[in-house]
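# Observations on chain architecture
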Amino acid sequence: MLYKHPRLKRERKTLKITIEMYCKGNHKVQSGICPACSELMEYSLLRLDKCPYQEGKTTCANCPTHCYKKDMREKIRDVMRYAGPRMTSKHPILAFFHFIDGMKKKPSLAGGS
C-alpha cells in the first residue's frame, strides 16, 4: 500500500522506531529485531493499514476502536512504556508529533465528513 499522507508515513516510522528501540534495549539481538518483535511490528503495521480513521486518527491509546488483540495490545503497551520516554531524546520531532496526534479527541472515519 502506498502511504501518501504524511500523517500515516510518520505513524509507520514511529511504530518501527519504537519497536526497534524496545527490542534493542530488552532482547539484546545482534542485528535487526527478534522474531517476537518482528511479529509485533508486522501486526501493528497491518492494524495501521486497516485503521478506519486513517489520517484522521488519534494515537491508538486514545482511539475509541481498539483493534489490537488483547495479547498484542499488552505487548505494544510494553513497547510504548519503554520507548516513549526515550523517544524525546533520541527522536524529539517524532515524539512531539506523537504527542500532538494524541491530543486529537474525536477521530473521523476515512472518507467521511
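Remember, it's a predicted structure, so these values are computed and weren't measured experimentally.

### A closer look at unusual backbone geometry
- Of note in this structure, lysine 28 is not a glycine but carries a positive phi near 50°.
- Structurally, lysine 28 is set in the loop between α1 (6–26) and α2 (35–49).

### Some thoughts on the environment of glutamine 54
- Secondary-structure assignment places glutamine 54 in the loop between α2 and α3 (70–90).
- Glutamine 54 gets classed as buried once you look at its relative accessible area, which sits at 13%.
- Each C-alpha atom, one on glutamine 54 and one on arginine 7, is 8.6 Å from the other, the two residues being 47 residues apart in sequence.
- Of note is the side chain of glutamine 54, whose polar atom sits 3.2 Å from the backbone oxygen of aspartate 49.
- Polar contacts involving the side chain of glutamine 54 include one to the main-chain carbonyl oxygen of cysteine 51, which spans 2.6 Å.

### Points about the pattern of salt bridges
- Taken as a whole, this structure holds 4 salt bridges when the rule is applied.
- Of the charged contacts, one joins aspartate 49 and arginine 12 as a salt bridge, the two residues approaching to 3.1 Å between their closest N and O atoms. With aspartate 49 in helix α2 and arginine 12 in helix α1, this pair connects stretches of sequence that are 37 residues apart.

### What about the side chain of arginine 47?
- Relative to the helices and strands, arginine 47 resides in helix α2.
- There is no salt bridge for the buried arginine 47, and the closest opposite charge comes from aspartate 49, which lies 8.9 Å off by N-O distance.
- When neighbours within four sequence positions are excluded, arginine 47 is seen to be in contact with Cys67 and Tyr68.

### Focus on the environment of leucine 8
- If you trace the backbone, leucine 8 turns up in helix α1.
- Along the sequence, leucine 8 and leucine 48 sit 40 residues apart, while their C-alpha atoms lie 8.2 Å from each other.

### A short note on the confidence of the model for the chain
- When pLDDT is averaged along the chain, the result is 85; 89% of the residues meet or exceed 70.
- For the chain, per-element mean pLDDT is lowest for helix α4 (residues 92–102), which scores 84, and highest for α2, which scores 95.

### Points about a nonpolar patch on the surface
- A surface patch of nonpolar side chains, about 620 Å² in accessible area, is lined by Ile93, Phe96, Phe97, Phe99, Ile100 and Met103.
- Relative to the assigned elements, phenylalanine 97 resides in helix α4.

### Here's the deal with the nonpolar core
- Membership of the largest hydrophobic core comes to 23 residues, with the highest contact counts inside it found for Leu15, Ile19 and Ile76.
- Of all the elements in the fold, those that place two or more residues in this core are α1, α2, α3 and α4.
- Element by element, the count of residues in this core is highest for α1, at 7 residues.
- Not counting residues up to four positions away in its chain, the partners in contact with isoleucine 76 are Leu15, Ile19, Leu40, Ser44 and Tyr68.

### Section: the environment of lysine 75
- Here lysine 75 shows up in helix α3.
- Between the C-alpha atom of lysine 75 and that of cysteine 37, which follows or precedes it by 38 residues, the distance is 9.0 Å.

### A look at the packing of α1 against α3
- In contact at an axis separation of 8 Å, α1 and α3 are set at 100° when each is read in the N-to-C sense. With respect to α3, the element α1 is oriented roughly perpendicular. In this structure, α1 contributes Thr14, Leu15, Ile17, Thr18, Ile19, Met21, Tyr22, Gly25 and Asn26 to the contact, and α3 contributes Ile76, Asp78, Val79, Met80, Tyr82, Ala83, Arg86, Met87 and Lys90.
- Broken down by class, the residue content of the contact of α1 with α3 amounts to 11 nonpolar, 4 polar and 3 charged.

Calculation criteria
- Residues numbered from 1 in each chain as written.
- Predicted model: local features only at pLDDT ≥ 70, side-chain atom pairs only at ≥ 80, totals over all residues.
- Heavy atoms only, no water.
- Helix = DSSP H or I, 4+ residues; strand = E, 2+ residues; numbered from the N terminus.
- Buried < 20%, exposed > 50% of the residue type's maximum accessible area, 1.4 Å probe, protein only.
- Polar contact = N/O pair within 3.5 Å; in protein donor to acceptor, adjacent residues only side chain to side chain.
- Salt bridge = Lys/Arg side-chain N within 4 Å of Asp/Glu carboxyl O.
- Lys, Arg positive; Asp, Glu negative; His and termini not counted.
- Contact = heavy atoms within 4.5 Å.
- pLDDT = per-residue confidence, 0-100.
- Patch = residues over 30% accessible without salt bridge, like charges linked within 9 Å, V, L, I, M, F, W, Y side chains within 5 Å.
- Areas by Shrake-Rupley, 256 points an atom, 1.4 Å probe, with all protein chains shown as cover.
- Core = buried A, V, L, I, M, F, W, Y, C linked by side-chain atoms within 4.5 Å.
- Axes fitted to C-alpha atoms, helices over the stretch in contact; angles between N-to-C directions.
- Parallel < 35°, antiparallel > 145°, perpendicular 65-115°, else oblique.
- Nonpolar A, V, L, I, M, F, W, Y, C, P; charged D, E, K, R; others polar.

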